[in-house]
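Survey of secondary and tertiary structure
One-letter residues, chain by chain:
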Amino acid sequence: MMEPHFNVSMDEYLPLRDVVFKTLRQAILRGELKPGERLMEIQLANKLGVSRTPIREAIRKLELEGLVLMIPRKGAEVAEIREKGLRDVLEVRKALEELSVQLACDRITPEQLGELEEAAEGFRKALKSEDVTEIAQADVRFHDVIYQAADNQRLMQLLNNLGEQMYRYRVEYLKNAAVYGQLIEEHEEIIRHIKRHEKEMAVKIVCEHIDNQVTTVSDRIRTGKKNSEKNIR
């Protein structure tokens, strides 16, 4: 196994187990730890300068997110990105996003509208960073304002639980810089329709927003499979 090229990002405000989790998570999302690569506790502990306990805890959390698979008699490995998993997660997200944007059209406050516009501007600025995880976090912040504006705690809980599973596909989508202009336009349209309480149009744009993600990531998965098959031959 090749030694992974990533460094622990120490944060004095986070417990060590959370720092290790965050570091491994970013390494997977950025492709520094490749799909199918085994996660060897001892090697990772030595690499990050920690004991095996926070490594083990981080791997368990990564498994819950769907980023890691536990293979019988082999141990942990980075999960492949599969088209079925993408569609399952984003079908649920689409239904929840439709509901959240409908409720937001009725319930959003002027303060939250301001936050939504700030979040859209934050996303535009993040695009200049070329850091895909930073861009993804900015996109999450935009959608989080809509969820909060929906003012439904049960809906928020469902979206938060799903958010961990959605994140990998969001990052994979945002690796394609060609979609950035379209995303900016979609965010602006969503804001405009929510501001005007135009539920039908807001839902239409949100659905297109998610369908575009499904199409783009599905294409990346298929291209990756074809390239792998060529390499095997």
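Residues numbered from 1 in each chain as written. Predicted model: local features only at pLDDT ≥ 70, side-chain atom pairs only at ≥ 80, totals over all residues. Heavy atoms only, no water.

**Points about the overall build of the protein chain**
Condition: Helical segments are the DSSP runs of H or I of at least four residues, strand segments are the runs of E of at least two, and each set is numbered from the N terminus. C-alpha atoms define the radius of gyration in this analysis, and the globule rule sets the expected value at 2.2 Å times the number of residues to the power 0.38. Exposure is judged per residue with a 1.4 Å probe applied to protein chains only, and the accessible area is read against the type maximum: over 50% gives exposed, under 20% gives buried, and values in between give partly exposed. Pairs of residues are marked as contacts when any of their non-hydrogen atoms sit within 4.5 Å.
Counting its regular elements, the protein chain contains 9 helices and 2 strands. Counting helices and strands in the order they occur from the N terminus, the protein chain gives α-α-α-β-β-α-α-α-α-α-α. Relative to the compact-globule value of 17 Å for 233 residues, the protein chain shows a C-alpha radius of gyration of 19 Å, a close match. When its C-alpha atoms are laid out on the principal axes, the protein chain stretches across 55 × 45 × 35 Å. Counting only residues that meet the buried cut, the protein chain has 44% of its 233 residues in that class. A separation threshold of at least 6 residues defines the contact pool for the protein chain, and within that pool the share at least 24 residues apart is 74%.

**As for the pattern of salt bridges**
Under the convention used in this document: We count a salt bridge whenever a side-chain nitrogen from Lys or Arg sits within 4 Å of a carboxyl oxygen from Asp or Glu.
In the structure shown here, the tally under the stated rule is 19 salt bridges. With a closest N to O distance of 2.8 Å, Lys199 and Asp106 form a salt bridge. Within this pair, whereas Lys199 is found in helix α9 (residues 199-232), its partner Asp106 is found in helix α4 (residues 83-107), the two being separated by 93 residues in sequence. With a shortest N-O distance of 3.2 Å, Glu172 and Arg220 are connected by a salt bridge. Taken together, the positions of Glu172 in helix α7 (residues 153-174) and Arg220 in helix α9 put the pair 48 residues apart, joining distant regions of the chain. Using a relative accessible area of 12% as the deciding quantity, one classes Glu172 as buried. The exposure class of Arg220 is partly exposed, given its relative accessible area of 33%. The network of salt bridges with shared partners includes Glu83, Arg87, Asp219 and Arg222.

**Structural notes on the packing of helix α1 (residues 16-29) against α7**
A pair of packed helices can be characterised by two numbers: the angle between their axes and the separation between those axes. We apply this condition: Here an axis means a line fitted to C-alpha atoms, over the contact stretch when the element is a helix, while the angle between two N-to-C directions is reported on a 0 to 180 degree scale. Should an angle fall under 35 degrees it is called roughly parallel, over 145 degrees roughly antiparallel, and 65 to 115 degrees roughly perpendicular, with every other angle called oblique. The nonpolar class holds Ala, Val, Leu, Ile, Met, Phe, Trp, Tyr, Cys and Pro. Asp, Glu, Lys and Arg form the charged class, and all remaining residues, Gly among them, are polar.
Where α1 contacts α7, the axes come no closer than 10 Å and their chain directions differ by 45°. In terms of orientation, α1 and α7 fall into the oblique class. Contacts between α1 and α7 involve Arg25, Ile28 and Leu29 from the former and Tyr167, Arg168 and Val171 from the latter. Looking at the contact of α1 with α7 residue by residue, the classes come out as 4 nonpolar, no polar and 2 charged.

**Here we look at the confidence of the model for the protein chain**
The cut-off we apply is this: pLDDT is a residue-level measure of predictor confidence that goes from 0 to 100.
Looking at the protein chain, the pLDDT average stands at 89 and 90% of residues meet or exceed 70. When pLDDT is averaged over each helix and strand of the protein chain, the minimum, 85, is found for α9 and the maximum, 98, for helix α5 (residues 110-126).

**A few points about helix α3 (residues 52-64)**
Just so we agree on the cut-off: What a helix should span is 1.5 Å times the count of its residues minus one. Here, the arc refers to the directions that run from the helix axis to the C-beta atoms.
Spanning 13 residues, α3 covers 19 Å between terminal C-alpha atoms, matching the ideal 18 Å at 1.5 Å per step. What α3 keeps buried is the set Pro54, Ile55, Ala58, Ile59 and Leu62. Taken around the axis of α3, the buried residues stretch over an arc of 140°, which confines them to a single face. Against the buried residues of α3 lie α1, α2 (41-48), β1 (68-71) and β2 (75-78). Positive backbone phi, at 85°, marks Gly66, one or two positions downstream of α3.

**Some remarks on the environment of Asp139**
Inspection of the secondary structure assignment puts Asp139 in helix α6 (residues 132-150). Classification of Asp139 as buried rests on a relative accessible area of 5%. Separated by 73 residues in sequence, Asp139 and Gly66 place their C-alpha atoms 20 Å apart. Not counting the four nearest positions on each side in its chain, Asp139 is found in contact with Phe123, Arg170 and His187.

**Details of the side chain of Glu83**
Rule in force here: Whenever two N or O atoms come within 3.5 Å, that pair is a polar contact, provided that in protein one can donate a hydrogen and the other can accept it, and provided that, for residues adjacent in sequence, both atoms are side-chain atoms.
Relative to the helices and strands, Glu83 is located in helix α4. Here Ser218 takes part through its side chain, which lies 3.4 Å from a polar atom of the side chain of Glu83. Those residues in contact with Glu83 that sit more than four places away from it in its chain are Ser218, Ile221 and Arg222.

**Re α1**
For α1, which comprises 14 residues, the first-to-last C-alpha distance of 20 Å matches the rise-based estimate of 20 Å (1.5 Å per residue) to within 8%. Within α1, 10 of the 14 residues are buried, which leaves the element mostly enclosed by the surrounding structure.

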